[in-house]
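Structure at a glance
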Amino acid sequence: MTKARLLRVLDGEAIAQPPMWLMRQAGRYLPEYRALRAQAGSFLDLCYTPELATEVTLQPIRRFGFDAAILFSDILVIPHALGRDVRFVEGEGPRLDPIERADIDQLTIGAVLERLAPVLETVGAVRRELAPDKALIGFCGAPWTVATYMIAGKGTPDQAPSRLLAARDPEALDRLIDKLVQASIVYLVAQLRAGADAVQVFDSWSRVLSPAAFERWSAGPIARIVAGVRAEVPDARFIGFPKGADRGLADFVETTKVNAVGVDWTVPLATVRREIDGRAAIQGNLDPMVLVAGGAQLDEAVDEILEAMRGARLIFNLGHGIVPQTPIEHVERLVERVRR
């Protein structure tokens, strides 16, 4: 059986033509996604309807032939599965009831798999539909990033509510993070057993943390997730994405033991390569706005990434998620450029 190119890189091989996928590759820039979204009802209904979520996951593979599909879901299904109210307001994003100190001990791990059964059904359905040479990536949000939404009740520019809780009541934040670590381990083990080939942990807000706080509430909890999952699935493959954590990537890789680390466009790949080459693959790091712009600037940016990582373990990706205004023809040009 042909081994998926992404898995070859995660398992230690450098490939001349790197595997590629894009964060948020299934989403609003695709007309076929918008059509399904319109019939699904709420965003969570779309995530929890296996037939629709499977179709959305597969859409970019059919259109672009990426080397990996990533499960269509959301990082906030974890607090939802823990019993918190989660809703998505059109034009505004996610809304939750801000969690209080007394609420933390009421979070129940036992019902997580039951509540997320539709998502796991989607994982199995996608794996059955995917060709053997395409990898399926599962995911969860990192405990710190998920906690920021639970504490503030929404996304905020600098995560001040969570940082304030960390300063005023670090023990309460530790307890919340612990609950999220436990739930994430259960969820990721179930995804891998349902058919995911690898999992990514997104820490989209790690950049707001001081070095000490990053170790305590980002890298440390992710390391516990990796160890906890591998205790159940010993060969589990992990991609860690601590967005904006350029100062501590080498320590992050050492602490977490991930197979690959994602980096955003602000991080020089040559520097990252010197720091972690041989210890983990590198995923990234095209600026999503360059993809929107297209043209010669896109070609040059792609070539710079490929040149900086020539001979190393690269998974070509964006430095964050693809944005809704991205022209489809620019994605086609990107795929052609990487694979020329």
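These numbers were taken from a predicted model, which means no experiment stands behind them.

On to the overall build of the protein chain. The helix and strand inventory of the protein chain stands at 17 helices and 9 strands. Taken over C-alpha atoms, the radius of gyration comes to 19 Å for the protein chain, in line with the 20 Å a tight globule of 340 residues would show. C-alpha atoms of the protein chain, sized along the principal axes, occupy 55 × 45 × 40 Å. Counting the 340 residues in the protein chain, one finds 61% classified as buried. Restricting to contacts in the protein chain with at least 6 residues of sequence separation, those with at least 24 account for 72%. Surface accessibility of the protein chain: about 13,700 Å² in total, with carbon and sulfur atoms responsible for 49%. Placing the 40 positive and 44 negative side-chain charges of the protein chain at their respective mean positions leaves the two points 1 Å apart.

If you check helix H12 (residues 211-232), its first and last C-alpha atoms are 30 Å apart, about what 22 residues at 1.5 Å a residue would give, namely 32 Å. Ala 219 marks where H12 bends most, by close to 30 degrees; the proline Pro 221 follows one to four residues later.

The sites that carry the UniProt feature "domain: Uroporphyrinogen decarboxylase (URO-D)" (unreviewed entry) are, in the present numbering, residues 19-28 and 137-153. Split by type, residues 19-28 is 0% helix and 0% strand. Its first and last C-alpha atoms lie 23 Å apart.

There is a patch of like negative charges on the surface, built from Glu 215, Asp 246, Asp 251 and Glu 275. By the secondary structure assignment, Asp 251 is in helix H13 (residues 249-256).

Time to look at the packing of helix H8 (residues 117-129) against helix H11 (residues 170-194). Between two packed helices, the angle of one axis relative to the other and the distance separating the axes together describe the packing. Look at H8 against H11: their axes get within 8 Å of each other, and the N-to-C directions meet at 30 degrees. As the angle between them shows, H8 and H11 are arranged roughly parallel. Note on packing geometry: the crossing formed by H8 with H11 is right-handed. Across from Val 119, Leu 120, Val 123 and Gly 124 in H8, the residues of H11 making contact are Tyr 187, Ala 190, Gln 191 and Ala 194. By residue class, the composition of the contact of H8 with H11 is 6 nonpolar, 2 polar and no charged.

Turning our attention to the pairing of strand S3 (residues 93-96). On a regular strand, one side chain projects to one face of the sheet and the next to the other, so that they alternate. Strand direction decides the pairing type here: strand S2 (residues 86-89) and S3, joined by 4 bridges, are antiparallel. In the sheet register, Arg 87 faces S3, and the bridge partner there is Arg 95. Two successive antiparallel strands, S2 and S3, enclose a turn made up of 3 residues, where Gly 91 displays a positive phi of approximately 80 degrees.

We now examine the layout of surface pockets. Taken as a whole, the largest pocket holds about 1,300 Å³ of empty space. In this structure, the largest pocket is lined by 40 residues; those nearest its centre are Arg 24, Arg 28, Phe 43, Asp 74 and Phe 88. At the level of secondary structure, the elements contributing two or more residues to the lining of the largest pocket comprise helix H2 (31-40), S2, S3 and helix H9 (143-152). If you tally residues by element for the lining of the largest pocket, the top one is S3, at 3 residues. Looking at the second largest pocket, its volume works out to about 250 Å³. Lining of the second largest pocket is provided by 15 residues; of these, Ala 16, Gln 17, Pro 18, Leu 306 and Arg 310 occupy positions nearest its centre.

Next up on the list: the pattern of salt bridges. One pass over the full model with this rule turns up 27 salt bridges. Salt bridges linked by common partners bring Asp 299, Asp 303, Arg 333, Arg 337 and Arg 340 together as one network.

Before going further, it helps to spend a moment on the side chain of Asn 285. Checked against the element boundaries, Asn 285 lands in strand S8 (residues 281-286). The class of Asn 285 is buried, set by a relative accessible area of 7%. Engagement of the side chain of Asn 285 in a polar contact is seen with the backbone oxygen of Val 267, the distance being 3.0 Å. The residues touching Asn 285, leaving out its near neighbours within four places in the chain, are Val 263, Asp 264, Trp 265, Val 267, Leu 269, Ile 305, Asn 317, Leu 318 and Gly 319.

Turning our attention to the UniProt feature "site: Transition state stabilizer" (unreviewed entry) in the protein chain. Those places that UniProt annotates as "site: Transition state stabilizer" (unreviewed entry) correspond, in this numbering, to Asp 74. Tracing the backbone through its elements, the reader meets Asp 74 in the loop between strand S1 (68-70) and helix H5 (77-81). Note on Asp 74: relative accessible area 18%, which makes it buried. Residues contacting Asp 74, with those up to four places away along its chain left out, are Phe 43, Cys 47, Phe 88 and Phe 139.

The biggest cluster of nonpolar side chains holds 134 residues, and the ones touching the most others in it are Phe 238, Leu 286, Phe 316 and Leu 334. It is H11 that contributes the most residues to this core, 13 residues altogether. The contact partners of Phe 316, leaving out residues within four places of it in the chain, are Pro 19, Met 20, Trp 21, Gly 284, Leu 286, Val 302, Ile 305, Leu 306, Leu 334 and Val 338.

Quick look at helix H17 (residues 328-339) now. The end-to-end C-alpha separation of H17 is 17 Å, in line with the 16 Å expected for 12 residues at 1.5 Å each. For H17, every residue scored as buried is listed here: Ile 328, His 330, Val 331, Leu 334, Val 335 and Val 338. Down the axis, H17 shows its buried residues gathered within 160 degrees of arc, on one side only. For H17, the exposed residues set more than 90 degrees away from the buried face come down to Glu 329 and Glu 336. Those residues of H17 hidden inside the fold are in contact with H2, helix H4 (50-64), S8, helix H15 (288-293), helix H16 (295-308) and strand S9 (314-318).

Reading guide: rules and limits
- Residues numbered from 1 in each chain as written.
- Predicted model: local features only at pLDDT ≥ 70, side-chain atom pairs only at ≥ 80, totals over all residues.
- Heavy atoms only, no water.
- Helix = DSSP H or I, 4+ residues; strand = E, 2+ residues; numbered from the N terminus.
- Rg over C-alpha atoms; globule rule 2.2 N^0.38 Å.
- Buried < 20%, exposed > 50% of the residue type's maximum accessible area, 1.4 Å probe, protein only.
- Contact = heavy atoms within 4.5 Å.
- Areas by Shrake-Rupley, 256 points an atom, 1.4 Å probe, with all protein chains shown as cover.
- Lys, Arg positive; Asp, Glu negative; His and termini not counted.
- Charge placed at Lys NZ, Arg CZ, Asp CG, Glu CD.
- Expected span 1.5 Å × (residues − 1).
- Bend = angle between axes of the 7 residues up to and from the residue.
- UniProt positions renumbered as here; feature names shortened; annotations may be inferred.
- Patch = residues over 30% accessible without salt bridge, like charges linked within 9 Å, V, L, I, M, F, W, Y side chains within 5 Å.
- Salt bridge = Lys/Arg side-chain N within 4 Å of Asp/Glu carboxyl O.
- Axes fitted to C-alpha atoms, helices over the stretch in contact; angles between N-to-C directions.
- Parallel < 35°, antiparallel > 145°, perpendicular 65-115°, else oblique.
- Left-handed = near helix turned anticlockwise from the far one by under 90°.
- Nonpolar A, V, L, I, M, F, W, Y, C, P; charged D, E, K, R; others polar.
- Pairing = 2+ DSSP bridges.
- 1 Å grid on protein atoms, 1.4 Å probe; cavity = no way out; pocket = protein on both sides within 12 Å on 5 of 7 lines; lining within 4 Å.
- Points joined across faces, edges and corners; volume = space filled by probe spheres on them.
- Polar contact = N/O pair within 3.5 Å; in protein donor to acceptor, adjacent residues only side chain to side chain.
- Core = buried A, V, L, I, M, F, W, Y, C linked by side-chain atoms within 4.5 Å.
- Arc of directions from axis to C-beta.

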